[in-house]
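# Reading the structure
These are the residues of each chain, in order.
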Amino acid sequence: MDSILTPLFLTFKIATIATFIAFVFGVLFSWWFAFNKNKLTNFLSILVTIPLVIPPTVLGYYLLLMLGRGSFIGQWYERIFGQPIVFTWKAAVIAAAIAALPLLIRPIQASFESISKDTIGAAELDGAGKLQLLWYVVMPLAYKGVLAGLVLGFARAMGEFGATLMVAGNIPGKTQTLSIAIYDAVQANRMTDAHMMVIILSVSTILFLYLINRWFK
């Protein structure tokens with residue numbers, strides 16, 4: 001049973017942290033893209049969409065180059081923390097967050113853009129600063145799109161496989177998420193374990209989506 005519960009808890013841990021990180025950056029990027037239309041934001045909007053369209057293993061390869069022990073980021077992290085970032089659960093969080101980011105941004109940005117410019121202008125005339133405008137005006141008016149992005153991002157983080165395998169590896173108890181454990185079980189012909197993990201992952205994700213939708217209905 002530990003071979004199932006350990007990957008499950010690790011998956012929830014990684015997906016929750018990754019979704020939080022992606023949500024923070026997703027809201028900020030969506031705000032920037034929605035209300036600052038120029039060549040730079042158009043380019044960055046395309047750039048953040050790339051994880052959505054390239055194969056996950058390619059994304060994982062790029063992350064491996066960026067975070068590996070030979071990279072600037074990898075060396076900087078190892079000097080500070082005394083260990084490499086690749087092949088750790090933290091690398092899995094980064095992979096899941098980047099994979100989830102486009103699915104967060106698109107619905108949130110669309111919701112932000114649907115808000116009347118007159119509403120934004122009125123709030124600015126009343127003296128609302130950028131953060132006040134975002135938190136007290138834009139977010140409440142766009143909550144359905146924000147919720148949709150949050151749900152899609154979490155579901156994507158829960159099911160992340162390819163990029164995680166490339167950058168975090170398959171270390172039982174450390175980086176082996178439920179998706180990777182399912183792959184392992186199938187490869188080893190442990191079909192009973194694979195069936196059980198598939199059911200647990202599917203039911204857990206569906207239950208989370210249902211509860212979130214009920215909560216914000």
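Here we summarise the structure given alongside this text. It should be emphasised that the depicted structure is a prediction, and the values quoted were computed from it without experimental measurement.

### What about helix 2 (residues 39-53)?
- With 15 residues, helix 2 ought to run about 21 Å at 1.5 Å a step, and its terminal C-alpha atoms sit 21 Å apart, in line with that.
- Between the side-chain oxygen at the start of helix 2 and the backbone nitrogen of L40 there is a gap of 3.0 Å, and the oxygen is on N38.

### Quick word on the pattern of salt bridges
- What the rule picks out here adds up to four salt bridges.
- E78 serves as the salt-bridge partner of R69, at 2.5 Å between the closest nitrogen and oxygen.
- E160 is paired through a salt bridge with R156; the nearest N and O atoms lie 2.9 Å apart.
- When its relative accessible area of 2% is taken as the criterion, E160 is described as buried.

### Quick word on the nonpolar core
- Of all hydrophobic cores here, the largest spans 56 residues; its most connected members are F112, L133, L134, V138, V167 and M197.
- The dominant element in this core, judged by the number of residues it contributes, is helix 5 (residues 89-113), at 13 residues.
- With residues up to four places along the chain from it excluded, the contact list for V138 reads W31, F35, F112, I115, I120 and L133.

Conventions adopted
- Residues numbered from 1 in each chain as written.
- Predicted model: local features only at pLDDT ≥ 70, side-chain atom pairs only at ≥ 80, totals over all residues.
- Heavy atoms only, no water.
- Helix = DSSP H or I, 4+ residues; strand = E, 2+ residues; numbered from the N terminus.
- Expected span 1.5 Å × (residues − 1).
- Polar contact = N/O pair within 3.5 Å; in protein donor to acceptor, adjacent residues only side chain to side chain.
- Salt bridge = Lys/Arg side-chain N within 4 Å of Asp/Glu carboxyl O.
- Buried < 20%, exposed > 50% of the residue type's maximum accessible area, 1.4 Å probe, protein only.
- Core = buried A, V, L, I, M, F, W, Y, C linked by side-chain atoms within 4.5 Å.
- Contact = heavy atoms within 4.5 Å.

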